[in-house]
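Summary of structural features
Read off the chains here:
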Amino acid sequence: MTKPSARARRKLVARKGDETSDDRIIPAEVPVALTYDHATYAVMMASPADLEDFAIGFSLNERIVARADEITDLEVVEMPRGYELRMALATARASELESRRRRIAGPAGCGLCGIESLDAAVRPPPLIATTLTVSPQTIFTALKTLAANQPLNSETRAVHAAGFWSLATNSFTAVREDVGRHNALDKLAGALARAHTDTANGFIVMTSRISIELVQKTCVMGAPLLAAVSAPTTFALEAAEAANLTLIAVARDDSFEIFTHPERIAAAAHVA
């Protein structure tokens, strides 16, 4: 049984001339070690839920494997202080990983910690080739619907979410939550890979700002559009532009800002 994703914590509430006691639901955050063939590759701070999805999605987004079936064995092992995600790789992938093995310690707010060279940090993401077109109303519907698919955030108001909106079903096929925005996207990647989802026929919606690693992961996943509620960084914009990824940010119920490749948004197709 996995550790609970949230628990109640007693707190004092101070107001002018008054002090009361009450409970608040707090999200859990635990160390999660990702190991390949008995060697630790990364230790991330994450929410203790959907850990199989996390293991597979992290492996895909880090380009340790190209397909989920190149992970030949996966075991989630609960430890006193966290979890180990123990994976075995197909022989060719194991050899490649050994040649570039590195150790990283990744807090929830940092997705590039421990990368040993600038070249690794700016490794260009895969080029998006799809000609998908999305209406603004579809974007608004997805943004409005995301909150209803965030049970942990409804309790805690303290975790991020990443969801994949399918144009085939006009709904979210998967939404994953985590204390870290990078982890939420990795968990989503794993869920989509396990379900054999066509990521070219939909888009990703996130509750965070857009940083370079989120652009890189989205491109690895093959989604042509990333929409988020907060602003992007300049590095993220440069990477999205080069990778042919449509990037939408500062997304609200009634407006959003298109920063790269607006031709995929039907009403903005005329924008140069």
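Thresholds applied
Residues numbered from 1 in each chain as written. Predicted model: local features only at pLDDT ≥ 70, side-chain atom pairs only at ≥ 80, totals over all residues. Heavy atoms only, no water. Phe/Tyr/Trp six-rings, centres within 6.5 Å; stacked < 30°, edge-to-face > 60°. Helix = DSSP H or I, 4+ residues; strand = E, 2+ residues; numbered from the N terminus. Buried < 20%, exposed > 50% of the residue type's maximum accessible area, 1.4 Å probe, protein only. Lys NZ or Arg CZ within 6 Å of the ring centre and 35° of its normal. Pairing = 2+ DSSP bridges. Axes fitted to C-alpha atoms, helices over the stretch in contact; angles between N-to-C directions. Contact = heavy atoms within 4.5 Å.

**Examining the packing of aromatic side chains**
Taken as a whole, this structure holds 5 aromatic pairs when the rule is applied. Between Y41 and F58 the ring centres are 6.2 Å apart and the planes differ by 75°, which places this aromatic pair in the edge-to-face class. Here the residue Y41 occupies a position in strand 4 (residues 39-46), and F58 occupies one in helix 1 (residues 51-61), the gap between them amounting to 17 residues. Overall, the relative accessible area of 1% leaves Y41 in the buried class. Ring geometry for F140 against F256: centres 5.2 Å apart, planes inclined by 50°, an arrangement best described as tilted. Taken together, the residues span a long stretch of sequence, with F140 in helix 4 (residues 136-146) and F256 in the loop between strand 12 (246-249) and strand 13 (257-260) at a distance of 116 residues. As far as burial versus exposure is concerned, F140 and F256 are alike and both buried. Within the aromatic cluster, the residues linked to one another by ring pairs are Y36, Y41, F54 and F58. The residue whose ring lies beneath K3 is Y83, and the NZ or CZ to ring-centre distance is 5.1 Å.

**Considering the sheet that holds strand 12**
In spatial order, the strands read 9-8-10-11-12-13; together these 6 strands make up an open sheet with mixed pairing. The sheet terminates laterally at strand 9 (171-178) and strand 13, the two strands that pair on one side only. Sheet twist, expressed as the average angle between the axes of neighbouring strands with direction ignored, equals 20°. The pairing of strand 11 (residues 225-228) with strand 12 spans 3 bridges and is classified as parallel. Residue A227 lies in a different strand from strand 12, and its bridge partner there is I248. With respect to the sheet, helix 6 (residues 181-194) is in contact with strand 8 (160-166), strand 9 and strand 10 (202-206), its orientation differing from that of strand 9 by roughly 140°. The strands that helix 8 (residues 234-243) touches are strand 12 and strand 13; relative to strand 13, the one it contacts most, it runs at about 65°.

**A word on the side chain of T246**
Checked against the element boundaries, T246 lands in strand 12. Classification of T246 by relative accessible area gives buried; the value is 0%. Residues in contact with T246, not counting those within four places in the same chain, are P224, L225, L226, I258, T260, H261, R264 and I265.

Everything listed here is a matter of geometry and, on its own, says nothing about what the molecule does.
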